[in-house]
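# Commentary on secondary and tertiary structure
Read off the chains here:
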Amino acid sequence: MLDMLLKDQNIEFQCESSQVSPLTKCTKDDLLSFLEPVQYLETNFYEPVDGWLKPRNWQWDWPMDPTWAPSDTKCDICKATPCDCISTLPKNCYRILYYGAKGRGIQARAPSRGGLVFGKDQYIGELTGKLVPPDTYDDSMTINLNRSDIDEEPVVCQVYCQDRGNWVRLVNHSCKPCARLITKIVSGKARVMLQARQDIYDGAEVTVNYGRGYFKNKNCLCEICAARAQSNQAAIDFNTLSSPEGQG
Ligand SMILES: [Zn+2]
Ligand SMILES: [Zn+2]
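Residues numbered from 1 in each chain as written. Chains lettered and ligands numbered in written order. Predicted model: local features only at pLDDT ≥ 70, side-chain atom pairs only at ≥ 80, totals over all residues.

- You'll find the chain entered in an unreviewed UniProt entry as SET domain-containing protein, with Zopfia rhizophila CBS 207.26 given as the organism.

See below:
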(Lines give C-alpha, C1' and ligand atoms only; values in the text may rest on other atoms or scores of the structure.)
(Ligands and ions follow the chains in the order given, each with its own letter.)
Protein backbone atom coordinates (compact mmCIF):
# COMPACT_ATOMS: atom_id res chain seq x y z
CA MET A 1 0.00 0.00 0.00
CA LEU A 2 2.84 2.35 0.81
CA ASP A 3 4.15 1.77 -2.70
CA MET A 4 0.87 2.92 -4.17
CA LEU A 5 0.85 6.03 -2.02
CA LEU A 6 4.40 6.93 -2.80
CA LYS A 7 4.59 6.46 -6.54
CA ASP A 8 5.06 9.50 -8.74
CA GLN A 9 5.26 11.94 -5.89
CA ASN A 10 7.44 14.95 -6.04
CA ILE A 11 8.09 14.74 -2.34
CA GLU A 12 9.90 12.24 -0.22
CA PHE A 13 8.37 10.61 2.86
CA GLN A 14 10.06 9.63 6.11
CA CYS A 15 9.40 5.93 5.44
CA GLU A 16 11.48 6.18 2.27
CA SER A 17 14.53 7.65 3.92
CA SER A 18 14.52 5.72 7.18
CA GLN A 19 14.50 2.05 8.09
CA VAL A 20 10.88 1.01 8.45
CA SER A 21 10.15 -2.01 10.62
CA PRO A 22 7.28 -4.32 9.54
CA LEU A 23 4.13 -2.18 9.49
CA THR A 24 2.21 -4.63 11.69
CA LYS A 25 4.62 -3.89 14.54
CA CYS A 26 4.27 -0.12 14.25
CA THR A 27 2.26 2.05 16.59
CA LYS A 28 -0.17 4.57 15.14
CA ASP A 29 2.27 7.37 15.89
CA ASP A 30 5.02 5.51 14.01
CA LEU A 31 2.75 5.11 11.00
CA LEU A 32 1.83 8.77 10.99
CA SER A 33 5.45 9.83 11.30
CA PHE A 34 6.35 7.65 8.29
CA LEU A 35 3.92 9.66 6.18
CA GLU A 36 5.48 13.00 7.09
CA PRO A 37 7.35 14.61 4.19
CA VAL A 38 11.13 14.72 4.65
CA GLN A 39 12.28 18.23 5.46
CA TYR A 40 15.00 19.12 3.01
CA LEU A 41 18.09 20.97 4.15
CA GLU A 42 18.05 24.32 2.36
CA THR A 43 21.73 24.84 3.13
CA ASN A 44 24.55 22.66 4.36
CA PHE A 45 24.58 21.92 8.07
CA TYR A 46 27.84 22.80 9.80
CA GLU A 47 28.97 22.37 13.38
CA PRO A 48 32.56 22.36 14.64
CA VAL A 49 34.08 18.93 15.33
CA ASP A 50 37.02 18.35 17.69
CA GLY A 51 40.21 17.59 15.82
CA TRP A 52 39.01 18.98 12.44
CA LEU A 53 42.36 20.08 11.04
CA LYS A 54 42.74 23.39 9.23
CA PRO A 55 42.84 22.69 5.46
CA ARG A 56 46.06 23.25 3.58
CA ASN A 57 46.54 26.91 2.51
CA TRP A 58 43.48 28.08 4.48
CA GLN A 59 44.05 31.82 5.01
CA TRP A 60 41.32 32.69 7.51
CA ASP A 61 40.18 31.97 11.07
CA TRP A 62 39.82 28.32 12.07
CA PRO A 63 37.66 26.47 13.04
CA MET A 64 34.86 27.84 10.90
CA ASP A 65 32.41 26.78 8.18
CA PRO A 66 34.80 25.43 5.48
CA THR A 67 32.42 26.51 2.70
CA TRP A 68 32.65 30.15 3.75
CA ALA A 69 34.29 32.48 1.21
CA PRO A 70 35.37 36.13 1.61
CA SER A 71 32.73 38.64 0.49
CA ASP A 72 34.79 39.73 -2.54
CA THR A 73 34.95 36.17 -3.99
CA LYS A 74 33.33 36.18 -7.43
CA CYS A 75 30.41 33.84 -8.07
CA ASP A 76 31.33 31.10 -10.60
CA ILE A 77 27.93 31.39 -12.29
CA CYS A 78 27.42 35.15 -12.75
CA LYS A 79 31.00 36.38 -12.09
CA ALA A 80 29.59 39.09 -9.81
CA THR A 81 29.52 39.71 -6.06
CA PRO A 82 27.20 39.71 -4.20
CA CYS A 83 24.55 37.81 -6.13
CA ASP A 84 21.35 35.85 -5.90
CA CYS A 85 22.18 32.89 -8.20
CA ILE A 86 21.54 30.25 -5.53
CA SER A 87 17.91 31.31 -5.08
CA THR A 88 17.23 31.48 -8.81
CA LEU A 89 18.06 27.84 -9.62
CA PRO A 90 15.31 26.05 -11.60
CA LYS A 91 12.26 25.03 -9.58
CA ASN A 92 9.65 22.30 -10.16
CA CYS A 93 11.77 20.81 -12.93
CA TYR A 94 12.10 17.30 -11.56
CA ARG A 95 10.21 14.51 -9.92
CA ILE A 96 11.16 11.55 -7.78
CA LEU A 97 10.53 8.26 -9.60
CA TYR A 98 11.15 4.60 -8.85
CA TYR A 99 13.68 3.10 -11.25
CA GLY A 100 13.32 -0.62 -10.51
CA ALA A 101 16.38 -2.21 -8.92
CA LYS A 102 18.14 1.15 -8.77
CA GLY A 103 15.54 2.47 -6.32
CA ARG A 104 14.48 6.07 -6.40
CA GLY A 105 15.92 8.50 -8.90
CA ILE A 106 15.32 11.93 -10.38
CA GLN A 107 13.46 12.48 -13.63
CA ALA A 108 13.64 15.78 -15.52
CA ARG A 109 10.24 17.29 -16.07
CA ALA A 110 9.14 20.10 -18.41
CA PRO A 111 5.75 21.82 -18.68
CA SER A 112 5.51 20.54 -22.27
CA ARG A 113 5.90 16.85 -23.11
CA GLY A 114 9.39 16.13 -24.42
CA GLY A 115 10.47 19.76 -23.97
CA LEU A 116 13.94 20.91 -23.00
CA VAL A 117 14.32 20.99 -19.20
CA PHE A 118 17.99 21.86 -18.63
CA GLY A 119 20.38 23.28 -21.23
CA LYS A 120 23.98 22.05 -21.49
CA ASP A 121 26.10 23.47 -18.62
CA GLN A 122 23.06 24.79 -16.76
CA TYR A 123 23.14 24.48 -12.97
CA ILE A 124 20.25 22.30 -11.84
CA GLY A 125 20.57 22.37 -8.07
CA GLU A 126 22.85 22.24 -5.05
CA LEU A 127 23.62 19.04 -3.13
CA THR A 128 23.13 19.78 0.56
CA GLY A 129 23.97 17.68 3.60
CA LYS A 130 26.02 17.69 6.74
CA LEU A 131 29.57 19.04 6.49
CA VAL A 132 32.09 16.63 8.00
CA PRO A 133 35.92 16.59 8.07
CA PRO A 134 37.76 15.19 5.01
CA ASP A 135 38.13 11.37 4.95
CA THR A 136 35.25 10.78 7.40
CA TYR A 137 33.22 8.60 5.02
CA ASP A 138 33.87 6.51 1.91
CA ASP A 139 30.49 5.74 0.37
CA SER A 140 28.02 6.91 -2.24
CA MET A 141 26.24 9.28 0.14
CA THR A 142 29.36 11.39 0.61
CA ILE A 143 31.15 13.75 -1.74
CA ASN A 144 34.41 15.63 -1.24
CA LEU A 145 34.21 19.40 -1.44
CA ASN A 146 37.41 20.94 -2.73
CA ARG A 147 38.05 24.67 -3.00
CA SER A 148 39.17 25.88 -6.43
CA ASP A 149 39.62 29.40 -4.98
CA ILE A 150 42.36 28.20 -2.58
CA ASP A 151 45.94 27.35 -3.65
CA GLU A 152 46.33 23.67 -4.56
CA GLU A 153 42.54 23.24 -4.32
CA PRO A 154 42.44 21.32 -1.01
CA VAL A 155 39.48 19.17 0.03
CA VAL A 156 38.12 21.22 2.94
CA CYS A 157 35.25 18.94 3.97
CA GLN A 158 32.84 16.25 2.83
CA VAL A 159 29.13 16.75 2.23
CA TYR A 160 27.44 13.77 3.87
CA CYS A 161 23.79 13.31 2.92
CA GLN A 162 22.78 9.91 4.30
CA ASP A 163 20.83 11.29 7.28
CA ARG A 164 19.74 14.62 5.91
CA GLY A 165 20.09 16.51 2.70
CA ASN A 166 17.94 17.48 -0.25
CA TRP A 167 16.54 15.85 -3.38
CA VAL A 168 19.87 16.01 -5.23
CA ARG A 169 21.11 13.07 -3.12
CA LEU A 170 18.58 10.85 -4.92
CA VAL A 171 20.31 11.31 -8.30
CA ASN A 172 21.47 7.86 -9.48
CA HIS A 173 24.77 6.78 -11.00
CA SER A 174 25.24 6.16 -14.71
CA CYS A 175 28.37 5.17 -16.63
CA LYS A 176 27.14 7.62 -19.29
CA PRO A 177 25.69 10.42 -17.15
CA CYS A 178 23.87 13.50 -18.41
CA ALA A 179 24.88 15.62 -15.41
CA ARG A 180 27.74 15.95 -12.96
CA LEU A 181 28.46 17.10 -9.44
CA ILE A 182 31.04 19.86 -9.30
CA THR A 183 32.28 22.22 -6.60
CA LYS A 184 31.74 25.89 -7.38
CA ILE A 185 31.66 29.17 -5.50
CA VAL A 186 28.06 30.32 -5.84
CA SER A 187 26.56 33.33 -4.07
CA GLY A 188 29.44 33.63 -1.62
CA LYS A 189 29.85 29.99 -0.58
CA ALA A 190 31.60 26.88 -1.86
CA ARG A 191 28.90 24.42 -2.92
CA VAL A 192 28.54 21.04 -4.61
CA MET A 193 26.45 21.87 -7.66
CA LEU A 194 24.53 19.55 -9.97
CA GLN A 195 25.24 20.70 -13.53
CA ALA A 196 23.89 19.46 -16.88
CA ARG A 197 26.63 18.01 -19.13
CA GLN A 198 24.29 18.06 -22.11
CA ASP A 199 20.77 19.20 -22.98
CA ILE A 200 18.35 17.23 -20.81
CA TYR A 201 14.79 16.71 -22.02
CA ASP A 202 11.49 15.98 -20.31
CA GLY A 203 11.29 12.38 -19.11
CA ALA A 204 15.06 11.72 -19.02
CA GLU A 205 16.61 10.43 -15.82
CA VAL A 206 19.13 12.86 -14.35
CA THR A 207 22.30 10.89 -13.60
CA VAL A 208 25.89 11.52 -12.52
CA ASN A 209 29.01 9.36 -12.36
CA TYR A 210 29.69 8.32 -8.74
CA GLY A 211 33.28 7.43 -9.58
CA ARG A 212 35.09 4.12 -9.63
CA GLY A 213 35.27 3.58 -5.89
CA TYR A 214 31.53 3.18 -5.58
CA PHE A 215 31.41 -0.08 -7.53
CA LYS A 216 34.27 -1.83 -5.77
CA ASN A 217 32.07 -4.64 -4.47
CA LYS A 218 28.89 -4.49 -6.51
CA ASN A 219 27.53 -4.56 -10.01
CA CYS A 220 26.57 -1.33 -11.70
CA LEU A 221 22.83 -1.11 -12.33
CA CYS A 222 22.93 1.75 -14.85
CA GLU A 223 21.24 1.41 -18.24
CA ILE A 224 24.56 0.98 -20.08
CA CYS A 225 25.73 -1.86 -17.83
CA ALA A 226 22.26 -3.45 -17.67
CA ALA A 227 22.12 -3.57 -21.49
CA ARG A 228 25.63 -5.04 -21.63
CA ALA A 229 24.76 -7.68 -19.01
CA GLN A 230 21.65 -8.57 -20.98
CA SER A 231 23.50 -8.99 -24.28
CA ASN A 232 26.19 -11.05 -22.53
CA GLN A 233 23.49 -13.26 -21.07
CA ALA A 234 21.87 -13.56 -24.50
CA ALA A 235 25.24 -14.63 -25.97
CA ILE A 236 25.68 -17.23 -23.22
CA ASP A 237 22.14 -18.54 -23.82
CA PHE A 238 22.77 -18.65 -27.56
CA ASN A 239 26.07 -20.53 -27.14
CA THR A 240 24.52 -22.97 -24.71
CA LEU A 241 21.63 -23.64 -27.07
CA SER A 242 23.71 -23.93 -30.21
CA SER A 243 26.57 -26.06 -28.87
CA PRO A 244 26.15 -29.62 -30.14
CA GLU A 245 25.20 -32.04 -27.39
CA GLY A 246 27.74 -34.47 -26.17
CA GLN A 247 30.67 -32.41 -27.45
CA GLY A 248 33.87 -32.29 -25.44
ZN1 LIG B 1 26.04 34.54 -8.96
ZN1 LIG C 1 27.18 1.33 -15.37
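The discussion continues.
### A look at the overall build of the chain
- Helices and strands together make up the secondary structure of the chain, namely four helices and twelve strands.
- Along the first, second and third principal axes, the C-alpha set of the chain runs to 75 × 50 × 45 Å.
- Residues classed as buried in the chain amount to 24% of the 248 residues present.
- For the chain, the proportion of contacts with a sequence separation of at least 24, taken over those separated by at least 6, is 69%. (Helix = DSSP H or I, 4+ residues; strand = E, 2+ residues; numbered from the N terminus. Buried ≥ 20, exposed ≤ 12 C-beta atoms within 10 Å, placed from the backbone. Contact = placed C-beta atoms within 7 Å.)

### Observations regarding unusual backbone geometry
- The omega torsion of the bond from Trp62 to Pro63 falls at 0°, within 30 degrees of zero and hence cis.
- If you trace the backbone, Pro63 turns up in the loop between α3 (28–34) and β1 (94–98).
- Residue Thr81 is joined to Pro82 through a cis peptide bond whose omega torsion reads -10°.
- Inspection of the secondary structure puts Pro82 in the loop between α3 and β1.
- The phi dihedral of Glu153 is positive, around 45°, even though this residue is not glycine.
- With respect to the helices and strands, the residue Glu153 is situated in the loop between β6 (142–146) and β7 (155–160).
- Here Ser187, not a glycine, exhibits a phi torsion of approximately 50°, which is positive.
- Residue position: Ser187 is located in the loop between β9 (179–186) and β10 (189–196).

### Quick word on the sheet that holds strand β4 (residues 123–127)
- Across the sheet, three strands lie side by side as β4-β10-β9; this open sheet has antiparallel pairing. Edge positions in the sheet fall to β4 and β9, since each of these pairs with one other strand and no more. Taken over all neighbouring pairs, the strand axes of this sheet differ in orientation by 40° on average, direction set aside.
- By the bridge criterion, four bridges tie β4 to β10 in an arrangement that is antiparallel. The partner of Leu127 across the bridge, within β10, is Val192. (Pairing = 2+ DSSP bridges. Axes fitted to C-alpha atoms, helices over the stretch in contact; angles between N-to-C directions.)

### A word on the nonpolar core
- One finds Ala108, Leu127, Leu145, Val159, Val192, Leu194 and Val206 to be the most contacted residues of the largest nonpolar core, which totals 34 residues.
- Listing elements by their share of this core, those giving two or more residues are β2 (104–108), β3 (116–118), β4, β6, β7, β9, β10 and β12 (205–208).
- Not counting residues within four places of it along the chain, the set of residues in contact with Ala108 comprises Cys93, Tyr94, Val117, Phe118, Ile200, Tyr201, Asp202, Gly203, Ala204 and Val206. (Core = buried A, V, L, I, M, F, W, Y, C linked by C-beta atoms within 7 Å.)

### Structural notes on the sheet that holds strand β5 (residues 130–132)
- Read from one edge of the open sheet, three strands run β5-β7-β6, paired in antiparallel fashion. Of all strands in the sheet, those bounded by a partner on one side alone are β5 and β6. The average undirected angle you get between the axes of adjacent strands in this sheet is 35°.
- One ladder, built from three bridges, connects β5 with β7; its direction is antiparallel. Each bridged residue has a counterpart across the sheet, and for Lys130 the counterpart in β7 is Tyr160.

### Describing the pairing of β12
- Along β12, one buried face is formed by Glu205 and Thr207 and the opposite face, lined by Val206 and Val208, is buried too.
- As defined by bridge partners, β2 adjoins β12 across two bridges and the pair is classed as antiparallel. Within the sheet, the bridge partner assigned to Gln107 lies in β12 and is Glu205.
- Inspection of the sheet shows strand β8 (residues 172–173) paired to β12 by two bridges, in the parallel sense. Note that in β12 the partner of Asn172 across the bridge is Thr207.

### Overview of the environment of Leu145
- As for its position among the elements, Leu145 is in strand β6.
- Here Leu145 falls in the buried class, since 22 other C-beta atoms lie within 10 Å of it.
- Sequence spacing of Leu145 and Tyr123 is 22 residues, and the spatial spacing of their C-alpha atoms is 17 Å.
- When sequence neighbours within four positions are dropped, the list of residues in contact with Leu145 reads Thr67, Val155, Val156, Cys157, Gln158, Val159, Thr183, Ala190 and Val192.

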